[in-house]
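Working through the structure, step by step
Below, each chain spelled out in residue letters.
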Amino acid sequence: MLRSLPTWVRLPRRRRPYTPTLVAPFYWRALVALAMLAVCAFYTYAAAQWAPYPGFDLSANWVVRALDSCEANVSWCAANGEPLQVGDRILVIGDLSHDDAMRDRGQVPFAGYSSGDWAPLTVERAEEVFTVQWRMLGPTPAGQWRRWGEGLFIYLPFWVIGTVLLLFLRPQDRRWRLLILFNYFTAFWLAVGAFSHLQIVYTSPTQRALAWLLVPVYLHVHLVVPSVLFPRMQRVLLPCLYILAAVLALLELLQQAPDGAYNLGLLVAVGGSFALLLVRLLGRFPASARTSVYLMLAGIGLAMGPGLGLAVIPSLFQSPLRDQALANRIAAFAIPLLPAFYLYAVYKPYLGRLEFRFNRLLSLYSFALLYLTALVLALTMAGHLLDGGLTLSTFIAAGFGIAAPFLQRGFLQLIDQAAYGAVPDPQKIVYTFADRMPSALDQEALVTLLAAEILPQFDIRQSALYLLQEDRADLIYQANVAHNEEHEVVEGLQGLMAEAERFRPGQDVAGKPFAWVRLAIPLQAHHEAIGFWLFGQREPDDYYPQHQIALLKTLAKQVAVAVENSLLFREQQQYTVELQQSLDRQQAMQTQLVQAGKLASLGTLVAGITHELNNPLAGIKLFTGNLQAFKQRGQLTDALLIQALADIDQLVDKANHIIRHFRDFSRRSGGEFGAVDLNQPVSDALGMLEQQLRLHNIQVQLALGADLPPVLGDANQLEQVVVNLIGNARDAMVAPSCHNRMLTLRTCAMGGTVVLEVADTGCGIAAEHLDKIFDPFYTTKEIGEGTGLGLSISYGIIKNHGGEISVDSAPGRGTTFHVRLPVCPPASPSTLEPQEQGDEP
Amino acid sequence: MSQESEIAAIPGHILVVEDEDYLRRGLWQLLTLESYTVTCAEDGMQGWELFETLALDLVITDLKMPRMDGIELLQRIRAQKPNFPIILLTGYADLETEPSAFPYERCDLILKPFDQAHLLTSVKRALDSPGTESGYPVRPGS
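Attention now moves to the overall build of chain B. If you tally the helices and strands in chain B, you get five helices and five strands. Start at the N end of chain B and walk to the C end: the helices and strands fall as β-α-β-α-β-α-β-α-β-α. Split into buried and exposed, the 142 residues of chain B put 52% on the buried side. In chain B, once contacts between residues fewer than 6 apart in sequence are set aside, the share between residues at least 24 apart is 64%. Accessible surface computed for chain B: about 6,500 Å², of which carbon and sulfur atoms make up 53%.

Here is the structure:
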């Protein structure tokens, strides 16, 4: 049952069969990704290689943000003599005034001035306007590297995440397309926007145009991810938005839009997206979407948090950071968390084994950034508020170091909570299971243990357990699962084989049997699958992370052992019951067989018995009739009357004797053993059959030994044996060809046994039949003449008496049956029954 | 015990073949009372010997007897005198339920225990119907 398994039960490690939708082939998608990178890199390249580099950075309003240090460029510094300071506002560069540049953003400041040229600048400082000759510095290698670094760093995370999505992730549905669009657009916008103040290769209008285009893209993304919002409104609203955005973008490219209007676009894009995310936290949205929203919000918070914190908090306390560059780096390093969390939130179910690693990577990265931010802020605050020196800083740093492990554990749990909902405690589960399983010997107890104690810890709502039998699967229990038809079960489980022990995202299996199953774990015992444990919905988002799958697999192994134990236990019980039933049946059959044999013997007797009974009855009737006739005719004499009455009396006695013996013989054996004189059953049996023997002209020779020691046995059963043997002898001699018809019955004591011999002069038994004659239902007689039970019954009875029965025969020479019965031990004379004294035949 | 009678055969001479002596006696009483001439035999063999020696009108015979049974006796009689009336007495009830199993004509089958009237009717009928085919005289002596 358990050992031979259905042929379809294998545990393959196959990839999930995947049928791609209408998606371009991989190399096309790779080309798109490279093109995207090339476009972004072009702007960086232009900014680093082409853009004029005067030796300082300007903001969008042409305010000097930073000046190159003199240490690396001593001669240049000496030539300029530091006429510019941070905060100076430049009004005119060469021929280009600021107003002109704002009007035509295609104009590049310092265009045409190369390294070493003198550019005339009109500068405004503290409401004082003056003109300087400024010697162009660059482009210097250091400045170019900085621009490359800044440019790449800001958009590369979005491009990487977008490319990962584009090339590797499935399902490739609307959400997929929108998320790619989101990432690539953001990357593009950042690549252009990073250098829009340089106004090189038209970056400024492009940046503004892209800012408008971000509005429909961002809103569209957040209307579809993580769950679809307002589907009907989308159909109308989105096309309008796209068209409007395209128009506005075009206006921006043509520089016809009001200055600064694009900021409104950015506000709408970011604010609207945020609002759309928050909407999902209001009631009546599925919990699964809520989980994704939490993760996305976490991404936004973690990406923006460090930067905002480092900017806002110091300014609140009016204590500038000691190392602004470090703060900037921390803020920049936090940016990739946004697309990463977005990807994780939406594609968590599809990441497979990478999911948990990705989760941990994000958690640790986020924690490191938060930790650094907090440390920087703490040190700054300490320095500002307490005017602490090195000692305090050291203490604070040490405190942070000590707290780090605990904080990290807490933070990981927080992220887990957001990603997985309830976090089951493996230790507790294993304890519970190990504690309760040994007592769950039957399946019901096991199911109760699983359903009531284990699964709730995982927040699992849907679950089912199937046991595989040879050609079918038996449902052991199911919770919150629709009933499946038998064929569906087999088909469904076959389908699940390929995806065993892996999370199944629901989208691509909808409609198939077991579409509800998110995870199928085979129950294995001795490397063979004996069943399937299926899991479906669970709080909050039906997702089963890898480490929980591992835990469930461990549990499944224990469940398999428990199930097998229960099966073995049940088999054992069933076996015991069957054994008992079989024993009972055998006993009943034996009793029936004895009875059947007796009836069979009776059957052969019935003819003679009716004959024998009918004869005296006929005699009685005849005599009474005759008396009446004599009386009517007045010829009734006393002598006649007396004679007739005496005859009748004798006949009644005769009939009574026949009936009594008949009754004694057919009486069901009570199994009472006692000391029996073997001559008694022999005489009784002969008495019953004598008439028949006489009818068949069979001569009887009796040689009954005198003073036989008693044997221990049932006189009734022994008589049955003798009847059977005499019956057999009679049947062997009734053939017309058999002329010498002699039945010899002999008893004698021999050693510790009493021997009975029943010999006939009949046709004998052929050698090939000889060893089968004691088998039940074996007969050489015609159908309807014999049951084939007589000798078998006799054999059983004699064996039961501790004796032996054997046969000695040859065709044509007659047959002799030898019955040997052990002498009754002298210890039990009290059991000696008073033997009924039958009439001598 | 055989009991022969040489009384003139009116109304008929009947041979009773029966192995139980009380039945023989009873039948002899009954038939004698009805003025039949009755001869008795202990078994088929003796009956056959008597049949061959005596002039008989009817044989009443038991079916199961030692040495020679009723059927064999019947067959021997019929072989010699095909239309000779015979009444068979039997204790085997099977023959009553399966009359087709008994293929002999002009042969009454009477089951033991029997009614005197029934037997006498049967006897009367057997004796009254003349053995036309064989020309055997029903009443020898008449």
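Our focus in this paragraph is the packing of aromatic side chains. Residue and element names in this part refer to chain A. A complete count under the given rule lists 27 aromatic pairs over all chains for this structure. On the numbers, 4.9 Å between centres and 45 degrees between planes, the contact of F182 with Y218 is tilted. Of this pair, F182 sits in helix α5 (residues 174-193) while Y218 sits in helix α6 (residues 203-224), and the two are 36 residues apart along the sequence. Since its relative accessible area comes to 2%, F182 is described here as buried. The class for Y218 is buried, based on a relative accessible area of 10%. On the numbers, 4.8 Å between centres and 50 degrees between planes, the contact of W533 with F535 is tilted. Accessibility expressed as a relative area gives 0% for W533, which makes it buried.

What follows concerns the interface of chain B and chain A. At the interface, 23 residues of chain B touch 28 residues of chain A. Counting every contact that joins chain B to chain A gives three salt bridges. A salt bridge links R25 of chain B to D647 of chain A, with the shortest nitrogen-to-oxygen separation between them at 2.3 Å. Per-element accounting of the side of chain B that touches chain A gives the leading share, eight residues, to helix α1 (residues 21-33) of chain B. For the side of chain B that touches chain A, the per-class residue count stands at 10 nonpolar, four polar and nine charged.

Another point: a nonpolar patch on the surface. All names here are of chain A. There is a patch of nonpolar side chains on the surface, built from M304, L308, V312, L316, F317, L385 and L386 and spanning about 710 Å² of accessible area. Elements with a minimum of two residues in the nonpolar patch: α9 (287-316) and α12 (354-386). It is α9 that provides the largest number of residues to the nonpolar patch, a total of four residues. Following the sequence through the fold, V312 ends up in helix α9.

The strands that make up a sheet pair up through hydrogen bonds in the backbone, lying either parallel or antiparallel. Residues and elements named next belong to chain A. Across the sheet, four strands lie side by side as β8-β7-β10-β9; this open sheet has antiparallel pairing. Both edges of this open sheet fall to β8 (473-479) and β9 (519-525), since each of them pairs with a single strand only. On average, each strand axis in the sheet is tilted by 20 degrees relative to the strand beside it, whichever way the strands run. Relative to strand β10 (residues 528-535), strand β7 (residues 463-468) runs antiparallel, the two being bridged by five bridges. Residue pairing for β10: L465 is matched across the bridge by W533. Docked against the sheet, helix α15 (residues 443-458) engages β7, β8 and β10, running at close to 40 degrees with respect to β8.

A word on the confidence of the model for chain A. All names here are of chain A. Here chain A averages 83 in pLDDT, and 89% of its residues register 70 or above. The low-confidence segment residues 1-5, where pLDDT is below 50, has 13 contacts with residues more than four positions distant or belonging to other chains. Residue range residues 10-18 is modelled with pLDDT below 50. Its contacts to residues more than four positions away, or to other chains, number 18 contacts.

All names here are of chain A. One can describe the packing of α9 onto helix α11 (residues 337-347) by two numbers: an axis separation of 8 Å at closest approach and a directional angle of 170 degrees. Taken together, the axis directions place α9 and α11 in an arrangement best described as roughly antiparallel. For the pair α9 and α11, the contacting residues are S292, L295, M296, A298, G299, I300, L302, A303 and M304 in the first and L337, L338, F341, Y342, Y344 and A345 in the second.

The rules behind these values
Residues numbered from 1 in each chain as written. Chains lettered and ligands numbered in written order. Predicted model: local features only at pLDDT ≥ 70, side-chain atom pairs only at ≥ 80, totals over all residues. Heavy atoms only, no water. Helix = DSSP H or I, 4+ residues; strand = E, 2+ residues; numbered from the N terminus. Buried < 20%, exposed > 50% of the residue type's maximum accessible area, 1.4 Å probe, protein only. Contact = heavy atoms within 4.5 Å. Areas by Shrake-Rupley, 256 points an atom, 1.4 Å probe, with all protein chains shown as cover. Phe/Tyr/Trp six-rings, centres within 6.5 Å; stacked < 30°, edge-to-face > 60°. Salt bridge = Lys/Arg side-chain N within 4 Å of Asp/Glu carboxyl O. Nonpolar A, V, L, I, M, F, W, Y, C, P; charged D, E, K, R; others polar. Patch = residues over 30% accessible without salt bridge, like charges linked within 9 Å, V, L, I, M, F, W, Y side chains within 5 Å. Pairing = 2+ DSSP bridges. Axes fitted to C-alpha atoms, helices over the stretch in contact; angles between N-to-C directions. pLDDT = per-residue confidence, 0-100. Parallel < 35°, antiparallel > 145°, perpendicular 65-115°, else oblique.

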